[in-house]
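The chain contents come next:
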Amino acid sequence: MPNYHKPESKTVQELKDIAHRLRIHSITSTQASKSGHPTSCASIAEIMSVLFFHTMRYKVSVPRDASSDRFILSKGHAAPILYAAWAEAGLFPVADLQNLRKVDSDLEGHPTPRLNFIDVGTGSLGQGVAVACGMAYVGKNFDRAAYRTYVLVGDGESAEGSIWESLHFAGHYKLNNLCVIFDVNRLGQSEPTSLQHQMEVYRKRLESFGFNAIVVDGHDIEELCKAFFEASNTADRPTAIIAKTFKGKFFPNIEDLENWHGKPLGDQADPVIKHLAGLINNAGTLQIAPQKPLNDDAPVVDISNIQLASPPSYKLGESVATRLAYGTALAKIAVNNARVIALDGDTKNSTFSEKLKKAFPDRYIECFIAEQNLVGVAIGAACRDRTVAFVSTFATFFTRAFDQIRMGAISQTNVNFVGSHCGVSIGEDGPSQMGLEDIAMFRTVPGSTVFYPSDAVSCERAVEIAANTKGICFIRTSRPNTAVIYSNEEVFQIGKAKVVRKSQNDQVLIVGAGITLYEALSAANELEKSGVNVRIIDPFTIKPLDNETIIANALQCGGRVITVEDHYKEGGLGEAVMSALALQRNVVVKQLAVPRVPRSGPPNVLIDMFGISARNIVSAVAEILKL
């Protein structure tokens, strides 16, 4: 390790001054907004000062430059001091800090990427380390660049299991370009944290996860400078800086006291500001440079116009599971773009993401059985448009990471989620493994696109389209084999359904997807024997739904519609169709969906038992024709 040269006393004093200025800004901005967390800001003032004005490399003119260091404020409620640091660095006028939390200001209560210096939204605690891990993994293994990733974590949120998932990931992959800073200020929102200031407990835990763990006085500028130097020169593992701090540090009559969380200082503000101003030696213009020059070594990346290396090549009627077609397509789109990556949670041999691993081993990231971290790492990997990330596991296990997914939407992320093993059609594994809520969950995510391909051709095209689609995408794949019904040349588009069966005298419209599309086709054959013709639509995307096609065909079929889905009734395909038809007169919709918690059994038996088989569809047609 290079020899450490401690900063000059003048630099140390300037950094102390900056820390106090950041405290004052945090007080005045939260006073102006009449809300916020000034005491939580005060505990990290020296950390922010040393990071932004001594340690990190970044461009004020281009905050998200590809080669700049990354900073994630996991304890997002301390946003005022993050805004203050960027203002003091010169990104925007300090006076703008008084617009904190105003409805027409992007300086929101917790950081979001509406601001050009924020990579991801934070504030739902326990997620920042996973995002930082994704950034650091890309920096080390894909960009192979000098930039470092810093994430600041509150001691309260360190109780979240997702934090420990991410620490395991960082230690396992030896992310030496990652520095996790723990702000151990002892106090949570409503009472002291469980560990309070037991610094050795933190140190031992972090060392056990493979970190270089350094305990420091979080208000000592020189200790912080030395710790960050050591972190940057630790080559074999990530570093954790465990900073002993005090909530409301340097706030007289407030420091280290309970019941000050999330409150502006009110009538205590003026005396506290006066005290802080008296601690500042140089109240004038900053003399210290706000940033160091970059190593401009991150490669230029183009993640546009991603295409299958070869078109689908299936025979009509061939039996192929869509989960298998997903793996095939993933490997194909990776051929012509080195930034297509796959992440999985130890299900790669079931989701078939292993196909990418076999083709391009260095572009597969195994996240093991830790779905919250899996999602967070993908969000971090996709930041600054560095990768096209596909994340796969059983559809039901994404429910565990829904908070990360919804925060991904707030973060304006472009991550593609692929959920296999959906519905009762997986069979004997039973209800714990059956994705029956996933469509509803992803439909609620703002700006999301929900694909539900029914055959191998449409699935390959869904993967290709998702790779080029902004926002969160979800592709629902099935475990059972299904027949190829589309030609290899068939064109698919978001929000455009396919009418797969039609006659001039159809009496009922049936909308199905995945395995239920085939149940509908079987039912149609049976109904035709008794002189009843039905029309069948494959929606391809559940969100956005092709409302125009649904409405037109529903009206042509006399306003009689049946939806059938391998999903719970609430929030799924049926309710999407009902929303499309809500303003249409004289239309009736009958929903066939899984009505209750299912059980283990053969797939065909379960499909029939829970009301979504061809037999059930035939009965539903008979019922709706009587209405």
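Residues numbered from 1 in each chain as written. Predicted model: local features only at pLDDT ≥ 70, side-chain atom pairs only at ≥ 80, totals over all residues. Heavy atoms only, no water.

Per an unreviewed UniProt entry, the protein is named transketolase, and its organism is Lutzomyia longipalpis. Under Subunit (unreviewed entry), UniProt gives the following word-for-word description of the protein: "Homodimer." For the protein, the Sequence similarities (unreviewed entry) comment in UniProt is given as "Belongs to the transketolase family." (UniProt positions renumbered as here; feature names shortened; annotations may be inferred.)

**Focus on the pattern of salt bridges**
Under the criterion given, the structure shown has 28 salt bridges. When the shortest N-O distance is used, the salt bridge between Glu526 and Lys529 registers 3.5 Å. Separated by three residues within a single helix, Glu526 and Lys529 lie in helix α17 (residues 515–529), roughly one turn from each other. For Glu526, a relative accessible area of 43% gives the class partly exposed. A residue is classified by how much of its surface remains accessible, and Lys529, at 69% relative accessible area, is exposed. (Salt bridge = Lys/Arg side-chain N within 4 Å of Asp/Glu carboxyl O. Helix = DSSP H or I, 4+ residues; strand = E, 2+ residues; numbered from the N terminus. Buried < 20%, exposed > 50% of the residue type's maximum accessible area, 1.4 Å probe, protein only.)

**Digging into the domain arrangement of the protein**
With domains assigned, the protein is organised as domain 1 (9–279), domain 2 (318–484) and domain 3 (499–625). One C-alpha centre belongs to domain 1, the other to domain 3, and the line joining them spans 52 Å. (Domains from an automatic or database assignment.)

**What about the packing of helix α6 (residues 161–172) against helix α13 (residues 371–382)?**
Close contact between α6 and α13 brings their axes to 8 Å; oriented N to C, the two are set at 65°. When the axes of α6 and α13 are compared, the pair comes out roughly perpendicular. Note on packing geometry: the crossing formed by α6 with α13 is right-handed. Of the residues in α13, those in contact with Ser162, Glu165, Ser166 and Phe169 of α6 are Glu371, Gln372, Asn373 and Val377. (Axes fitted to C-alpha atoms, helices over the stretch in contact; angles between N-to-C directions. Parallel < 35°, antiparallel > 145°, perpendicular 65-115°, else oblique. Left-handed = near helix turned anticlockwise from the far one by under 90°. Contact = heavy atoms within 4.5 Å.)

**Description of the sheet that holds strand β16 (residues 534–538)**
Within the open sheet, the five strands sit side by side as β14-β16-β15-β18-β19. Their pairing is mixed. What marks the edges here is a single partner per strand, and that holds for β14 (498–501) and β19 (588–594). Looking at each pair of strands side by side, their axes are set apart by 25° on average, direction ignored. When strand β15 (residues 508–512) meets β16, the two strands line up parallel, connected through four bridges. Bridge pairing in β16 links Val508 to Val534. Taken strand by strand, α17 contacts β14, β15, β16 and β18 (560–568), and its axis lies near 170° from that of β16. Sheet strands touched by helix α19 (residues 573–580): β15, β18 and β19. Its angle to β18, the strand with the most contacts, is close to 145°. (Pairing = 2+ DSSP bridges.)

**Topic: the packing of aromatic side chains**
Counted under the stated rule, the structure contains 24 aromatic pairs. Measuring from centroid to centroid gives 4.8 Å for Phe169 and Tyr173, while their planes differ by 55°, and the two rings are tilted. Ring centres of Phe394 and Phe397 lie 5.4 Å apart, and the angle between their planes is 10°; this geometry places the pair in the stacked category. Across this residue pair, the class does not change: Phe394 and Phe397 are buried. Over the aromatic face of Tyr147 sits the side chain of Arg70, whose NZ or CZ is 3.6 Å from the ring centroid. It is Lys498 that lies over the ring of Phe492; its NZ or CZ is 4.9 Å from the centre. (Phe/Tyr/Trp six-rings, centres within 6.5 Å; stacked < 30°, edge-to-face > 60°. Lys NZ or Arg CZ within 6 Å of the ring centre and 35° of its normal.)

**Overview of empty space enclosed by the protein**
Under the definition given, this model contains five cavities of 30 Å³ or more. The space that makes up the largest cavity amounts to roughly 150 Å³. Lining the largest cavity are 18 residues, and of these Phe71, Trp86, Phe117, Ile118 and Asp119 sit closest to its centre. Listed by contribution, the elements that provide at least two residues to the lining of the largest cavity are β1 (70–73) and α4 (79–89). At four residues, β1 tops the list of elements feeding residues into the lining of the largest cavity. A per-class count over the lining of the largest cavity returns 13 nonpolar, one polar and four charged. (1 Å grid on protein atoms, 1.4 Å probe; cavity = no way out; pocket = protein on both sides within 12 Å on 5 of 7 lines; lining within 4 Å. Points joined across faces, edges and corners; volume = space filled by probe spheres on them. Nonpolar A, V, L, I, M, F, W, Y, C, P; charged D, E, K, R; others polar.)

**Remarks on helix α16 (residues 456–467)**
The first and last C-alpha atoms of α16 sit 17 Å apart over twelve residues, in line with the 16 Å expected at 1.5 Å per residue. Of all twelve residues in α16, twelve are buried; the element is thus mostly enclosed. Among all positions of α16, only Ala456, Val457, Ser458, Cys459, Glu460, Arg461, Ala462, Val463, Glu464, Ile465, Ala466 and Ala467 are buried. Between the side-chain oxygen at the start of α16 and the backbone nitrogen of Val457 there is a gap of 3.3 Å, and the oxygen is on Asp455. (Expected span 1.5 Å × (residues − 1). Polar contact = N/O pair within 3.5 Å; in protein donor to acceptor, adjacent residues only side chain to side chain.)

**A closer look at the layout of surface pockets**
In this structure, the largest pocket occupies an estimated 370 Å³ of space. As for the largest pocket, its lining consists of 20 residues, and the residues nearest its centre are Thr55, Arg57, Phe229, Ser232 and Lys292. In terms of residue count, the dominant contributor to the lining of the largest pocket is helix α8 (residues 221–232) (four residues). Residue classes in the lining of the largest pocket are distributed as eight nonpolar, eight polar and four charged. Here the second largest pocket defines a volume of roughly 270 Å³. Lining the second largest pocket are 19 residues, and of these His77, Leu125, Gly156, Glu157 and His261 sit closest to its centre. Class assignment of the residues belonging to the lining of the second largest pocket gives a composition of two nonpolar, eleven polar and six charged.

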